[in-house]
Amino acid sequence: MSLATKLIVPFLAIFLYGVESKATPLRENLLRKYAIDFGLNMPEETWVEHKDTLVLVGKKIFETTLLSSNNDTACASCHLDRFGSADALPTAVGVEGVGFGKARVLNGGDPLPRNALALWGRGGKGFDTLFWDGRVSKRQNGVIHSQFGDFPPSADPLVVAAHLPPLEVGEMVLDSEGSYAWYQKENLETASMFSDSIVNRLRQKTPIISLLAKEIKVSEEEVTYTDIMAAAAHFIAFNYRVKQTKFHRFVFQSGALTDDELEGGLLFYGKGQCAHCHNGPYFSDFSFHVIPFPQFGFGSNGFGVDYGRYNVTQNPQDMYSFRTPPLYNVAKTSPYSHSGSIEDLKVAIEFHSDPLTALEKSGYKIHDKQQYARKLGYWVNSYPLASPLTTQDVINISKFLKTLDYTSELAVEEINPQ
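Because the structure is predicted, anything quoted here is derived from the model rather than measured.

Moving on, we get to the packing of helix α2 (residues 25-37) against helix α9 (residues 246-253). Two numbers describe how α2 lies on α9: the axes approach to 9 Å, and their chain directions differ by 105°. The angle between α2 and α9 places the two elements in the roughly perpendicular class. For the pair formed by α2 and α9, the contact residues are Glu 28, Leu 31, Arg 32, Ala 35 and Ile 36 on the first element and Phe 247, Phe 250, Val 251 and Phe 252 on the second.

See the structure below:
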């Protein structure tokens, strides 16, 4: 370490961690530098090209319940404006759910194992890893990794990801012994047959196929399931693209932050080490980490267990790890974690620096304690131990995160089952 560095570090520490929270040009410029150094850029740099008329067709696809086998669930059933493009539930509810939000649980819909992810930034440049476990991703060599193996239906990971919900049993396919029992073989052949039935249903009952055919300049008979999902992805990429936030205006246009927001930002990039994982233009490194959040619900592995990324890679080092969630509009998308086990944003922040808090309040049974102890082992080995955060630190970080709020381009209509 150079002499100059040795002299300046204690000087900066006074500003970063002292009790004085008054904004100064030095502290403001330091936060701006941190943000840029950790990959923040202007929102427009993440945008992909769009066509307004195709966006509107994609919106119709996003809102129609005809994508589901029993015509009761749409993409918009679990991705609603009032819940920050999520559903406000710990874990999502699929087919047979009636209404929106908590009503879907009360009315007996099929529970799913994980929290419904918000859609902010999906489809933008570089947003190439989808779902909590990264089951769809675009690797550096351009190869798409997904359940489709060597035959992905698109080179765009968002389009590939959009293929999956209407084909998932329980999510948008009725889990029954009746008409769709044959589909539960869950292989590519039956998936192809089932996707064809979705196209036919849309062709018979809505003008969507006709509108889409005109947009992509093919005959109605030539429209495929991939064309439909590509249009839905086109809408998602446009509607939820990153837009100007208060923090962008602070960094790039000399906008103002409150003292608490400024302090929270400095903690985010400094003492809290949040930016170790939450970095880049989306506030995510798109990698996989272990934060030992409590498990809610039955989990992807059943009986209250979810092995996370391990289920995709079968690599023991990936046990309990999940993709770093982007942070845009995070204050609107409670509850948090892969299983939605944390309702309060401040508590979610605390778990990153002090996960033992959960055991103190949990009342865990022996099986749950064993699972939690295993998670802690992976967490200790993979997570950079940050300095303990005070209650005020956590409050200030949560206030900083609210500077990442913005609204979508178009309002999504809440449509009752057809």
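Before going further, it helps to spend a moment on the nonpolar core. Core analysis: the biggest nonpolar cluster contains 92 residues, and Phe 247 and Leu 401 have the highest contact counts within it. Among the elements that line this core, the one with the most residues is helix α8 (residues 225-239), at 10 residues. With near-sequence residues (within four places) excluded, Leu 401 lies in contact with Phe 268, Leu 327, Val 330, Leu 345 and Ile 349.

Looking now at the pattern of salt bridges. Under the criterion given, the structure shown has 14 salt bridges. Salt-bridge contacts for Glu 168 lead to Arg 135; the nearest nitrogen and oxygen are separated by 4.0 Å. Of this pair, Glu 168 sits in the loop between α5 (157-163) and α6 (188-205) while Arg 135 sits in the loop between β1 (129-130) and β2 (136-138), placing them 33 residues apart in sequence. Taking the relative accessible area as the measure of exposure, Glu 168 reaches 23% and is therefore partly exposed. The salt bridge involving Lys 246 is made with Glu 261; its shortest N-O contact spans 2.9 Å. With a gap of 15 residues between them, Lys 246 in helix α9 and Glu 261 in helix α10 (residues 259-269) connect regions that are remote in the sequence. Taking relative accessible area as the criterion, Lys 246 reaches 29% and is therefore assigned partly exposed. Residue Glu 261 is classed as buried on the basis of its relative accessible area of 12%.

Our next topic: empty space enclosed by the protein. Under the defined criterion, the tally for this structure stands at 3 cavities of 30 Å³ or more. Taken as a whole, the largest cavity spans an internal volume of roughly 710 Å³. If you trace the largest cavity, you find 41 residues lining it, with His 278, Pro 325, Leu 327, Val 330 and His 352 closest to the centre. If you list the elements that add at least two residues to the lining of the largest cavity, you get β5 (322-323), α12 (345-353) and α15 (391-401). No other element matches the 5 residues that α12 contributes to the lining of the largest cavity. Classifying every residue of the lining of the largest cavity gives 27 nonpolar, 12 polar and 2 charged.

So, about the sheet that holds β2. The strand order β1-β2-β3 describes an open sheet built from 3 strands, whose pairing is antiparallel. Only two strands of the sheet have a single neighbouring strand rather than two, namely β1 and β3 (144-145). In this sheet, β3 lies alongside β2 in antiparallel orientation, the contact comprising 2 bridges. Paired with Lys 138 across the strands is Ile 144, a residue of β3.

About the cut-offs
- Residues numbered from 1 in each chain as written.
- Predicted model: local features only at pLDDT ≥ 70, side-chain atom pairs only at ≥ 80, totals over all residues.
- Heavy atoms only, no water.
- Axes fitted to C-alpha atoms, helices over the stretch in contact; angles between N-to-C directions.
- Helix = DSSP H or I, 4+ residues; strand = E, 2+ residues; numbered from the N terminus.
- Parallel < 35°, antiparallel > 145°, perpendicular 65-115°, else oblique.
- Contact = heavy atoms within 4.5 Å.
- Core = buried A, V, L, I, M, F, W, Y, C linked by side-chain atoms within 4.5 Å.
- Buried < 20%, exposed > 50% of the residue type's maximum accessible area, 1.4 Å probe, protein only.
- Salt bridge = Lys/Arg side-chain N within 4 Å of Asp/Glu carboxyl O.
- 1 Å grid on protein atoms, 1.4 Å probe; cavity = no way out; pocket = protein on both sides within 12 Å on 5 of 7 lines; lining within 4 Å.
- Points joined across faces, edges and corners; volume = space filled by probe spheres on them.
- Nonpolar A, V, L, I, M, F, W, Y, C, P; charged D, E, K, R; others polar.
- Pairing = 2+ DSSP bridges.

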